[in-house]
Amino acid sequence: MRRATLQPRLMDDDGDDGGRYAQVIVDQPGRSVDQAFTYSIPAHLEDAIQVGSYVQVPFGRRRVPGFVIGITTDRPDFRLKDVDSLLLDDRLFDESSIELARWLAEHYMATFRDGLRCMLPPGAGRGTETLVSLTDAGRVTGPAGLSRAPRQAVALRALADLGETVTIERLAATIAQSDPTARPASVRSAVNALADRGLVQVRRSLKRAQVRTLARQVARLCVSEDECREAVTEVQRRAPRQAETLQALLDSVPEALPVADLNRAAVKALAEKGLIAVSTEDQERRPEAMGIGGESEEFLALTGDQRCAYERVVDALDARAYRSLLLHGVTGSGKTEVYLHAISAALERGRGAIVLVPEIALTPQMVGRFRARFGDRLALLHSALGQGERYDEWHRILRGEADLVVGARSAVFAPLPDIGVIVIDEEHERAYKQDNPPRYHAIEVARLRARQHNAALVLGGATPSLETYYASQTEEDFELCRLPERIDNRPLPEVEVVNLRGETLMGKGAVFSQRLLDALGECIERGEQAMLFLNRRGFSTFVMCRECGEALRCQDCAVSLIYHHQTRDMRCHHCDFTVPMPEVCPQCGSEDIGFHGQGTERVADQVEREFPGAHVLRMDRDTVSRKGAYTDILRRFARGEANVLIGTQMIAKGHDFPDVTLVGVLNADVGLHRPDFRATEHTFGLLTQVAGRAGRADKIGTVLVQTYNPDHPAIVYASKHDYESFYRYELEKRRENLYPPFTRLISLTVADEEEARTRQLAEKLAAELAGLGIGEKTGDRQYVGPAPAPLSRLRGRYRYHLLVKGPVIEELREAVGRAIEALGDHASAVTVDVDPLDMM
């Protein structure tokens, strides 16, 4: 097999009658295979295969999936293999999607294959798996014959114990049960050595699709209703089950009924009599209704400021021209209503709409409002749905049954044929940045898709990112619309900063100032609701022996383990490593173990102890792990079943509860001093958002912010709801230190299981960059580092970090690409993040 030497020429379905050849990108990881390969299209697939098809092709000795990115009638001058089969009937993407995938690969320094996988229906990817089995020689030799190769002996023994062909992942997991220090990489190395000896057989196989169309048998009448009634009377006495089945089908006319819900013997007998027909149909898996109740179907009248923004979108729709708009509105100013009107305008013109929210599972009120207004025209795409539900929702969009898509980050790739408007709510949120290849930012993808479709792009938020706000004031095709007041001129909540310096915190666990404790008690007595915010989950953030000072830490990550009281275990929030809470110190044996730091679980426990009349709900990753749990929690709070909601940043945005009059920020300093140049901006945004949950109806709201840094600009400006002043302050800091929006960034993380090798690779990478004209902390193009990453060890791998800066991203990508290539076989140790948001 050889790489195609020409760019594929895209052909219409009525192309040349001669041979047709497919240009295929194989769906396999690795840059060495990230290229177009040419295959013949066999006669029986001639009409089925087109640009955008997902196919199976021979690749070396394997059969692998691949994407058809072009069709040509020009036969290459070398021997070709045939496409094996079509894996999915649907055309997954068109030429504009190929353009998008190429851009993703180029801009984010990923592979073309990574970009194309973004277009796949959820769960439809067909990866390959490595299968391992013993050979006859392996059974005869056994572990005893490998005394000088202990790792190979362990692998051989594990295979013998399993007694079957297994995936290499299962083999590694089995070995890790008896030897926690065994790494997957070392198991693979041992298996390869065993294969070289002829003791095991290793083969690669195409995995089954994770999800597929769900089919079911249904029954329906095939006689008239009068004939059915006669048949019911006739069989009533001698075959009552058949009579019941006929009556059920008669009651359901014209709908069919699932055979699984009927008596199977009766169904079989009635079908043989010709009274009913049994057929197979696709069963649609629909997401459960979101929303917490009370969502209105009516469109509300727009204020003058809202109408101004809405008309900008309508102008773009009527002109069928790309336009980018920043809708900057204070909390409670009615941004969602502008979105709803803009979407309605797009749908009225026969065009589609995409709405992105940072974490859709946390904003059921918003989704409920969209569902109430647009009904079944809406499709949901987000990870809180089952994979089958997401698969079916994606196909509803593809079939044109839904022209409004609401979802999280990946919904930006929804297969809408004609997009009129893309809305991105809370555009500053880090959740819009993908954390694995391709590491795209959904806003940049949305911008490209909006340009492709001549659509309007609406970015909304109360605290837009500095980069977005700066662009809205400096770029010609970017407009700024402000919503400076809440609906009905309701006042913004009063924010009181509680200085914790010198304050004795109250209650067991030392969480509350006296001021917040009193305010919470008064709120509960008035029959109102409060929200308490702490951006740390768990019970204690670290556990330490008071005798020797030993802190319990993760064995694979450079972090302390978090104690969870409900499950009585210690957990790593990065890799999920879990151990039971020890009764004695594992270092010195002392029983004097102390719990330090607070998490949401501990706060909930303290509130219940301090206020026996309080009804507390908690919302964090631990409490919403069950499907539908987030909606259940918010519905209960909306119904007044609880008067205190405690949570992490999940409760900071998207919620509108009229009885919430008190918001307490227990520790505004969490995250303020992270080693991240955006830490101040993130803190300001989070405080502004959570403060906006109070006083959203007719009741006056109060916000109490506890902090040890009352004079910090992020806290001062957030307490005054003063975005403009914060923007000017932070912008000047960015200018002084050469950070976005005044430069572009590429983050390079080098990771390896050995610390010395990690450091050496990072230093070599820095030297290569210097040789390519990237200065060390000097000049327009510079790099910072290498240095141990703030999170210096993660999942068993040591991490070193470099940050590359420069005004022209294309130049930075070129230099970084060449520097990584110079590492040769170690290039895979480097993770590249273009325009990074996470500096950890």
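Residues numbered from 1 in each chain as written. Predicted model: local features only at pLDDT ≥ 70, side-chain atom pairs only at ≥ 80, totals over all residues. Heavy atoms only, no water.

## Some details on the packing of aromatic side chains
Moving on, step 1. Applying the stated rule across the entire model yields 15 aromatic pairs.
Moving on, step 2. Cluster of aromatic residues (ring-pair linked, three or more members): Tyr469, Phe684, Tyr717, Tyr723, Phe726, Tyr727 and Tyr729.
Moving on, step 3. Over the aromatic face of phenylalanine 299 sits the side chain of arginine 373, whose NZ or CZ is 4.9 Å from the ring centroid.
Moving on, step 4. Over the ring of tyrosine 798 we find arginine 793; its NZ or CZ atom is 5.1 Å from the centre of that ring. (Phe/Tyr/Trp six-rings, centres within 6.5 Å; stacked < 30°, edge-to-face > 60°. Lys NZ or Arg CZ within 6 Å of the ring centre and 35° of its normal.)

## Some details on the confidence of the model for the chain
Moving on, step 1. Taken residue by residue, the chain gives an average pLDDT of 84. The fraction at 70 or more is 91%.
Moving on, step 2. In this model, residues 1-17 is a region of pLDDT below 50 whose contacts with residues beyond four sequence positions or in other chains number 36 contacts. (pLDDT = per-residue confidence, 0-100. Contact = heavy atoms within 4.5 Å.)

## A look at empty space enclosed by the protein
Once rolled over the atoms, a probe with the size of a water molecule shows which space is left empty.
Moving on, step 1. Taken as a whole and judged by the stated rule, the model has 4 cavities of 30 Å³ or more.
Moving on, step 2. In this structure, the largest cavity encloses a volume near 60 Å³.
Moving on, step 3. Looking at the largest cavity, the residues that line it are Phe533, Asn535, Asn667, Ala668, Val670, Thr683, Leu686 and Leu687.
Moving on, step 4. Broken down by element, the residue count for the lining of the largest cavity peaks at 3 residues, all from helix H19 (residues 679-691). (1 Å grid on protein atoms, 1.4 Å probe; cavity = no way out; pocket = protein on both sides within 12 Å on 5 of 7 lines; lining within 4 Å. Points joined across faces, edges and corners; volume = space filled by probe spheres on them. Helix = DSSP H or I, 4+ residues; strand = E, 2+ residues; numbered from the N terminus.)

## Here's the deal with helix H13 (residues 387-398)
Moving on, step 1. With 12 residues, H13 extends 17 Å between its outermost C-alpha atoms, agreeing within 8% with the 16 Å of an ideal straight helix rising 1.5 Å per residue.
Moving on, step 2. Buried residues dominate H13, accounting for 9 of its 12 residues.
Moving on, step 3. Every buried residue of H13 is listed here: Gly388, Glu389, Tyr391, Asp392, Glu393, Trp394, His395, Arg396 and Ile397.
Moving on, step 4. The secondary structure elements touched by the buried residues of H13 are strand E5 (85-88), strand E11 (276-283), strand E14 (378-381) and strand E15 (404-407). (Expected span 1.5 Å × (residues − 1). Buried < 20%, exposed > 50% of the residue type's maximum accessible area, 1.4 Å probe, protein only.)

## With respect to unusual backbone geometry
Moving on, step 1. Put simply, proline 740 and proline 741 share a cis peptide bond, and its omega is 15°.
Moving on, step 2. With respect to the helices, strands and loops of the structure, proline 741 is situated in the loop between helix H21 (723-737) and strand E30 (744-752).
Moving on, step 3. For the peptide bond that leads from glycine 785 to proline 786, omega is 5°, which places it in the cis range.
Moving on, step 4. Mapped onto the elements, proline 786 comes out in strand E32 (residues 782-794).
Moving on, step 5. Notably, arginine 795 is not glycine yet its phi reads approximately 50°, a positive angle.
Moving on, step 6. Position of arginine 795 relative to the elements: it lies in the loop between E32 and strand E33 (797-806).

## With respect to the sheet that holds strand E4 (residues 62-72)
Moving on, step 1. The antiparallel open sheet is built from 5 strands, whose spatial order is E2-E1-E4-E3-E5. Because the sheet does not close on itself, it has two edges, and the strands there are strand E2 (36-40) and E5. The mean angle between the axes of side-by-side strands here comes to 50°, regardless of whether they run parallel or antiparallel.
Moving on, step 2. Strand direction decides the pairing type here: strand E3 (residues 54-59) and E5, joined by 3 bridges, are antiparallel. By the bridge assignment, glutamine 56 is partnered in E5 with serine 85. (Pairing = 2+ DSSP bridges. Axes fitted to C-alpha atoms, helices over the stretch in contact; angles between N-to-C directions.)

## Side note on the pairing of E4
It is a general feature of regular strands that their side chains alternate between the two faces of the sheet.
Moving on, step 1. The buried count for E4 comes to 9 of 11 residues, which makes it a mostly enclosed element.
Moving on, step 2. Where strand E1 (residues 21-26) and E4 come together, 6 bridges link them in antiparallel fashion. Among the inter-strand pairings, tyrosine 21 is bridged to a residue of E4, identified as threonine 72.
Moving on, step 3. Where E3 meets E4, 6 bridges bridge the pair, whose relative direction is antiparallel. Note on E4: the bridge partner recorded for valine 57 is valine 64.
Moving on, step 4. Linkage of E3 to E4, two consecutive antiparallel strands, is achieved through a turn of 2 residues, within which glycine 60 is found at a positive phi near 65°.

## Focus: the environment of alanine 256
Moving on, step 1. Relative to the helices and strands, alanine 256 resides in the loop between helix H8 (240-252) and strand E10 (257-258).
Moving on, step 2. The sequence separation of alanine 256 and arginine 626 amounts to 370 residues, and the corresponding C-alpha distance is 33 Å.
Moving on, step 3. Residues in contact with alanine 256, not counting those within four places in the same chain, are Val218, Ala219 and Arg220.

## Description of the packing of helix H4 (residues 150-162) against helix H6 (residues 184-196)
Any two packed helices are characterised by the angle at which their axes cross and by the distance between the axes.
Moving on, step 1. Between H4 and H6, the shortest axis-to-axis distance is 9 Å and the interhelical angle comes to 85°. By the angle class used here, H4 and H6 are roughly perpendicular. Contacts from Arg151, Gln152, Ala155 and Leu156 of H4 reach H6 at Ser186, Ala190, Ala193 and Leu194.
Moving on, step 2. Among the residues forming the contact of H4 with H6, the class breakdown is 5 nonpolar, 2 polar and 1 charged. (Parallel < 35°, antiparallel > 145°, perpendicular 65-115°, else oblique. Nonpolar A, V, L, I, M, F, W, Y, C, P; charged D, E, K, R; others polar.)

## What to know about the nonpolar core
Moving on, step 1. Formed by 131 residues in total, the largest nonpolar core has its most connected members in Ile746 and Leu748.
Moving on, step 2. If we ignore the near neighbours within four places in the chain, the residues touching leucine 748 are Leu765, Leu769, Tyr800, His801, Leu802, Val804, Val816, Ile820, Val830, Thr831 and Val832.
Moving on, step 3. Membership of the second largest hydrophobic core comes to 35 residues, among which are Val313, Leu317, Leu347 and Val458. (Core = buried A, V, L, I, M, F, W, Y, C linked by side-chain atoms within 4.5 Å.)

## Points about the pairing of strand E26 (residues 616-619)
Moving on, step 1. Judged by which residues are buried, E26 turns out to be covered on both faces: Val616 and Arg618 on one side and Leu617 and Met619 on the other are all buried.
Moving on, step 2. In terms of handedness, the path from E26 via helix H18 (residues 629-638) over to strand E27 (residues 644-647) forms a crossover that is right-handed. (Right-handed = clockwise from strand over helix to strand, strands pointing away.)

## Concerning the side chain of threonine 135
Moving on, step 1. Along the chain, the position of threonine 135 falls in the loop between strand E6 (128-134) and helix H3 (136-141).
Moving on, step 2. On the basis of relative accessible area, threonine 135 is assigned to the buried category, the value being 19%.
Moving on, step 3. Each residue touching threonine 135, except ones within four places of it in the same chain, is listed here: Gly198, Leu199, Val200 and Gln201.

## Some remarks on the sheet that holds E14
Sheet strands line up and pair through hydrogen bonds in the backbone, either parallel or antiparallel.
Moving on, step 1. One open sheet accounts for 7 strands, arranged E14-E15-E13-E16-E17-E12-E18; its pairing is parallel. Edge positions in the open sheet fall to E14 and strand E18 (478-483), since each of these has one partner strand only. For this sheet, the mean inter-axis angle between neighbouring strands, taken without regard to orientation, is 15°.
Moving on, step 2. Summarising the sheet, strand E16 (residues 419-424) and strand E17 (residues 456-461) pair through 4 bridges and their orientation is parallel.

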